[in-house]
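One-letter residues, chain by chain:
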Amino acid sequence: MYRAIRARQGLRWPRERISRRGYVTNVDIEKARQYCAAQLKQSDYDSYLIRNLLPKSRQDVYDALRAFNLELVRLPELVSNPTIGQLRMQFWRDAINNTFAGKPPKEPIMILLYKVISELAETGGAPSSIKFWLLRLINTREKYMDNRPFTNLASLEEYAENTYSTLMYSNLAALPIQSMHMDHLASHIGKACGIVAVLRGIPVLAAQSPPVKSPDGASVGGGRNPVLLLPLDVMAETGLREEDVYRHGPGASGFQDAVFKVATRAHDHLITAREMLKTLHAGKSPGHEYEHYGEEQHEYPLAAPGDDDARTDLRRGFGVLLEGVPAGDYLTRLEAQNFNPFTVKSSWKLPWRLWRAVKTQQI
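Now for a look at the structure at hand. (Residues numbered from 1 in each chain as written. Predicted model: local features only at pLDDT ≥ 70, side-chain atom pairs only at ≥ 80, totals over all residues. Heavy atoms only, no water.)

## Side note on unusual backbone geometry
Operational definition: Numbered from the N terminus, helices here are DSSP runs of H or I no shorter than four residues, and strands are runs of E no shorter than two.
Cis geometry marks the peptide bond from Leu175 to Pro176, where omega comes out at -10 degrees. You can see Pro176 is positioned in the loop between helix H7 (153-174) and helix H8 (180-205). Notably, Asn338 is not glycine yet its phi reads approximately 55 degrees, a positive angle. Tracing the backbone through its elements, the reader meets Asn338 in the loop between helix H13 (324-336) and helix H14 (350-360). With a phi close to 60 degrees, Gln361 is a non-glycine residue in the positive phi region.

What follows is the structure in structure tokens.
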């Protein structure tokens, strides 16, 4: 026999069942767990490597959140027009609202997420914080679903903050950890990850996609138009024209200079995070203010935590910061290729670098 999770207001564990829709069994949870892990292994292998280094008790939340992000990332490639894309975004928005209301839909990611937030509520955590971050993630992904250009590096950083940093905030909230220092680290690392994601996507998005075909092989529509997401101010500064990239690829004049400038900003964020880790481990102040302090969900107790509290938060939440390791690994490989993302290959060293990061508590 299996034990069932039953939903009600407050995400408690009542004895009576309220609705069939909110009825989730251990069998459902195990299937959802296998589904999310399989999605990461197939389509987000960096995250799959990270989840295997996390304690078993933290793998469910990581798998659910990363699988959810993966669904949003690949959605624009799976829909034929913007209207359908908006409908799918609304589906996920409704799914989040229903899941946090105790009525998860029969969808694997939401089932696993419901299991996580139910247990969090039982231990006195705040599931509402996770909901806030996930809704912000949906809103940002929807805004940029049309692959609109970034006007400058600052707008690219804002996008990264509202996606990759936000995903890390939701992981911290699930532990739960409410720490300005951990949020500060997540902000820098998330910005680096978001910028790296844009660089990694250049060879794919700047190429013309094949036309859409019917089951019998007939062409039924044009493919996606190529797009270059490097910030417009950087392109202007380096004299790069996106049409030249579509025609000549990495041979376009100014292309590698533009990639270098964008990659440098990501590297700066990782350097800042690494220095912060060293100073926090040493019991010192990070040395600069957290720019998002005081914003919604970035409000902290008035009493500043002691050095021991900061070190404890670092130990508990270090797995969240591991996202910086694949980003740094990619930047190293990009530099080795003279900042040509078209020739960067996958890294066989990444598993070892992740293992070393866990052992040294440094990214």
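Past the structure itself, the notes keep going.
## Re the pattern of salt bridges
For side chains of opposite charge, pairing can occur when their charged atoms come near one another. What counts, and what does not: Within this document, salt bridges are pairs made up of a side-chain nitrogen of Lys or Arg and a carboxyl oxygen of Asp or Glu, the two lying within 4 Å of each other. Only protein chains enter the calculation, and the probe is 1.4 Å; a residue is then buried if its accessible area is under 20% of its type maximum, exposed if over 50%, and partly exposed in between.
The tally for this structure, following the rule as stated, stands at 21 salt bridges. Arg66 is the partner of Glu323 in a salt bridge, and the nearest nitrogen-oxygen pair spans 3.6 Å. Taken as a pair, Glu323 in the loop between helix H12 (307-321) and H13 and Arg66 in helix H3 (residues 56-78) lie far apart in primary sequence, 257 residues in all. As far as burial versus exposure is concerned, Glu323 and Arg66 are alike and both buried. The salt bridge partner of Arg93 is Glu142, with a shortest N-O separation of 2.7 Å. With Arg93 in helix H4 (residues 82-100) and Glu142 in helix H6 (residues 127-143), this pair connects stretches of sequence that are 49 residues apart.

## As for the packing of H8 against helix H11 (residues 255-281)
Applied cut-off: All axes here are fitted lines through C-alpha atoms, helices being fitted over the stretch that makes contact, and every angle between N-to-C directions spans 0 to 180 degrees. For classification purposes, an angle smaller than 35 degrees is called roughly parallel, one larger than 145 roughly antiparallel, one from 65 to 115 roughly perpendicular, and anything else oblique. In this scheme the crossing of two helices becomes right-handed for a clockwise turn of the near helix relative to the far one and left-handed for an anticlockwise turn of less than a right angle. Polarity classes work like this: nonpolar for Ala, Val, Leu, Ile, Met, Phe, Trp, Tyr, Cys and Pro, charged for Asp, Glu, Lys and Arg, and polar for all others, with Gly in that last group.
Running from N to C, H8 and H11 cross one another at 160 degrees; their axes reach a closest spacing of 9 Å. Here H8 is positioned roughly antiparallel relative to H11, judged by the angle of their axes. Along this stretch, H8 crosses H11, giving a crossing that reads as left-handed. Counted by class, the contact of H8 with H11 contains 17 nonpolar, five polar and two charged residues.

## Side note on helix H1 (residues 26-43)
The condition that has to hold: One fewer than the residue count of a helix, multiplied by 1.5 Å, yields its expected span. The arc refers to the directions leading from the helix axis to the C-beta atoms.
Taking 1.5 Å per residue as the helical rise, H1 with its 18 residues ought to reach 26 Å, and the 26 Å between its terminal C-alpha atoms agrees with that figure. Where H1 is concerned, the buried positions are Ile29, Ala32, Cys36, Ala37, Gln39 and Leu40. Looking straight down H1, one finds that the buried residues subtend no more than 155 degrees of arc, so they occupy a single side. The outward face of H1, more than 90 degrees from its buried face, is lined by the exposed residues Lys31, Gln34 and Gln42.

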